[in-house]
Amino acid sequence: YKVKEKGKNHFMIYRCSMSMEPMIELESSLRKGLERDEFILYYQPQISLLTNEIVGVEALVRWERPGFGLVPPSEFIPLAEEMGLIVPIGERVLLEACKQSVSWREKGLPVFRIAVNISSLQFQQNDFIETVSRIIKETRANPNDIELEITESMAMGPIEKNLAKLSYLKKMGFLIAMDDFGTGYSSLHYLSQFPIDRLKIDRSFISSLGKSEKDAAIVKLIVMMAKGLNFQVLAEGVEEELQKEFLMDIGCDEFQGYLYSPPISADDCEKLMLANAVP
Ligand code: C2E
Ligand code: CA
Ligand code: CA
Ligand code: CA
């Protein structure tokens, strides 16, 4: 955000990117966007480094804002978090992902594991479990096909309560992934207690592979640690063949990144899944 001086002692806060639009307008159109169901999901394939096949996708929200085209999450998620709107938006996202997973199963597609980002505000809601259960019941999705992506900030809240919630979700059959691993506050202490299926190594470590030997050492260490803790491990933001090869060499299980595909529409994703072979 930018604070712009508007005469003496008058300040207005503008967003940097959305053509210097006043915040208040953005807020109200975000609310309307929710009412009018303007949020859609893009999907980014996740590739097995063992078989070179798509094994899952991550759902990433986009805002189809009239007059603005497809707005990326960086332009509205932070505000949605601040306004608390991330809770209903996140609910819509989970509902849509569950529907998509069921539809891909019904069509007989080879992939139906969908990862969904869960904001920590959303997770902290007292009725989070209820909401999730209702969506599962309503869509008849299989929780085994849905991966909930949480972040290390989970270790900063009421830890006992969060752990109990996670264990309950795990018992319901959901997969749990720790997103952006390595960027948050150190939660190594809690890591072994979290019922995690997959660790996602943050893009920042991957992008410096080949440039920083130290980051390479960290990535190697995270993969080793994940193995020791019996987690699957996925590298985010893989853009170059050399990065992929390094990850393969050190025994990383999966990757996600522009090297294979950016996030794409559900239709385009289906086409990729049907081809399902990576060159
Ligand atoms: P994230 O969860 O870390 O998602 C990965 C982001 O990295 C995506 O950005 C994706 O497009 C981008 N990415 C993937 N591969 C590459 C690559 O090879 N190179 C580079 N430079 N970038 C890559 P996107 O879609 O713009 O989403 C940004 C963030 O917004 C996400 O980061 C996530 O924190 C948040 N977000 C997206 N959808 C949702 C949602 O439904 N709910 C919540 N709470 N947050 C969401
Ligand atoms: Ca994510
Ligand atoms: Ca991430
Ligand atoms: Ca991130």
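As annotated in an unreviewed UniProt entry, the chain carries the name EAL domain-containing protein and comes from Pseudoneobacillus rhizosphaerae.

> Could you give me a rundown of the coordination of the calcium ion (ligand 3), with the residues and numbers involved?
Within the protein, the atoms that donate to the calcium ion (ligand 3) are Asp179 (OD), Asp180 (OD), Glu236 (OE) and Glu236 (OE), at distances of 2.2 to 2.5 Å. In this structure the calcium ion (ligand 2) is found 3.7 Å away from the calcium ion (ligand 3), and aspartate 179 serves as a bridging donor for the pair. One end of the pair, aspartate 180, is in strand β8 (residues 175-181); the other, glutamate 236, is in the loop between β10 (232-235) and α10 (241-249), and 56 residues separate them in sequence.

> Requested: an account of the pairing of strand β7 (residues 146-151), with residues and values cited.
Taken across its six residues, β7 has five buried, putting it largely inside the fold. Pairing between strand β6 (residues 114-117) and β7: four bridges, direction parallel. Within β7, the residue paired with valine 116 across the bridge is leucine 148. In this sheet, β8 lies alongside β7 in parallel orientation, the contact comprising five bridges.

> Go over the pairing of β6 with me, naming the residues and quoting the values.
Within a regular strand, side chains alternate between the sheet's two faces. Pairing of strand β4 (residues 54-65) with β6, which is carried by three bridges, proceeds in the parallel orientation. Among the inter-strand pairings, glutamate 58 is bridged to a residue of β6, identified as alanine 115.

> Tell me what's going on with unusual backbone geometry, and back it up with residues and numbers.
Of note, the phi angle at aspartate 37 is positive, near 60°, even though the residue is not glycine. Using a relative accessible area of 47% as the deciding quantity, one classes aspartate 37 as partly exposed.

> I'd love a proper account of the coordination of the calcium ion (ligand 4), names of residues and values included.
With distances of 2.9 to 3.0 Å, the protein atoms coordinating the calcium ion (ligand 4) are Asp180 (OD) and Asp180 (OD). The metal-metal distance between the calcium ion (ligand 4) and the calcium ion (ligand 2) is 5.9 Å.

> Describe the nonpolar core, and please don't skip the residues or the numbers.
If you look at the biggest cluster of nonpolar residues, it comprises 81 residues, and the most contacted ones within it are Tyr43, Trp104, Leu169, Phe194, Leu199 and Leu247. When near neighbours in sequence (up to four residues on either side) are disregarded, leucine 199 contacts Met178, Phe181, Leu191, Ile222, Met225, Ala226, Phe231, Gln232, Val233 and Leu234.

> Describe the site of ligand 1, naming the residues involved and giving the relevant values.
Around ligand 1, the structure places 21 residues, and the nearest of them are Gln44, Arg62, Arg203, Glu239 and Tyr258. Within the contact set of ligand 1, an oxygen atom lies 2.9 Å away from a side-chain nitrogen or oxygen of arginine 62. At a separation of 3.0 Å, an oxygen atom of ligand 1 approaches a polar side-chain atom of arginine 203. Surface burial for ligand 1 is 81%, taken as the share of its 800 Å² of free accessible area covered by protein chains. Secondary structure elements with two or more residues in the shell around ligand 1: β4, α3 (86-106) and β8. When residues in the shell around ligand 1 are grouped by element, the largest group, four residues, is from β4.

Procedures and definitions
Residues numbered from 1 in each chain as written. Chains lettered and ligands numbered in written order. Predicted model: local features only at pLDDT ≥ 70, side-chain atom pairs only at ≥ 80, totals over all residues. Heavy atoms only, no water. Donors = N, O, S within 2.8 Å, 3.2 Å for Na, K, Ca; no water. Helix = DSSP H or I, 4+ residues; strand = E, 2+ residues; numbered from the N terminus. Buried < 20%, exposed > 50% of the residue type's maximum accessible area, 1.4 Å probe, protein only. Pairing = 2+ DSSP bridges. Core = buried A, V, L, I, M, F, W, Y, C linked by side-chain atoms within 4.5 Å. Contact = heavy atoms within 4.5 Å. Near = heavy atom within 4 Å. Polar contact = N/O pair within 3.5 Å; in protein donor to acceptor, adjacent residues only side chain to side chain. Areas by Shrake-Rupley, 256 points an atom, 1.4 Å probe, with all protein chains shown as cover.

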